[in-house]
Amino acid sequence: QVQLAETGGGLVQAGGSLRLSCAVSGGTFSSYTMGWFRQAPGNERAFVAALIWGGYSFYYADSVKGRFTISRDNAKNTVYLQMNSLIPEDTAVYYCAASTKPLSTYHSGSYSSYAYWGQGTQVTVSS
């Protein structure tokens, strides 16, 4: 079975940085489409970033473009989300997600496209 585990969340001041990690076990990680989503209190789960088409393409939500970077290390079976210039609006629980099927840009932004999810890690940005 495919299992995901996020780490790296915490409390940071506005303007600071965090790097989230998502360790993946089971299956063939290098072939997965990987995504990051976030959910703030009272809000629906929202798309943040994705690696699509076998990890050769990148897709970001407009709200994080230029600040967040998604990457993967196939040797470590890990996907990362580097978050810079954090603002209070980034406060949320961040979830890692995986699809064993290739996804288009359109479908990679929908949480229903991903069959596997981690438990989430809390990111809190203070001001």
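Below or above, wherever it landed, is the structure these notes cover. (Residues numbered from 1 in each chain as written. Predicted model: local features only at pLDDT ≥ 70, side-chain atom pairs only at ≥ 80, totals over all residues. Heavy atoms only, no water.)

With that settled, the discussion passes to the packing of aromatic side chains. Per the stated rule, a full pass over the model turns up five aromatic pairs. Aromatic pair F37 and F47: ring centres 5.6 Å apart, planes at 70°, arrangement edge-to-face. Residue F37 is located in strand β4 (residues 33–39), and its partner F47 is located in strand β5 (residues 46–52); the two are separated by 10 residues in the primary sequence. An identical accessibility class is assigned to F37 and F47; each is buried. Both rings, one in F47 and one in Y59, keep their centres 5.0 Å apart while their planes meet at 25°; by these two values the pair is stacked. Residue F47 is located in strand β5, and its partner Y59 is located in strand β6 (residues 57–60); the two are separated by 12 residues in the primary sequence. Overall, Y59 belongs to the partly exposed group, its relative accessible area being 29%. Following the ring pairs from residue to residue traces out a cluster consisting of F37, F47, Y59, Y114 and W117. One Lys or Arg, R45, reaches over the ring of W117 and ends 4.9 Å from the middle of that ring. The residue whose ring lies beneath R72 is F29, and the NZ or CZ to ring-centre distance is 4.5 Å. (Phe/Tyr/Trp six-rings, centres within 6.5 Å; stacked < 30°, edge-to-face > 60°. Helix = DSSP H or I, 4+ residues; strand = E, 2+ residues; numbered from the N terminus. Buried < 20%, exposed > 50% of the residue type's maximum accessible area, 1.4 Å probe, protein only. Lys NZ or Arg CZ within 6 Å of the ring centre and 35° of its normal.)

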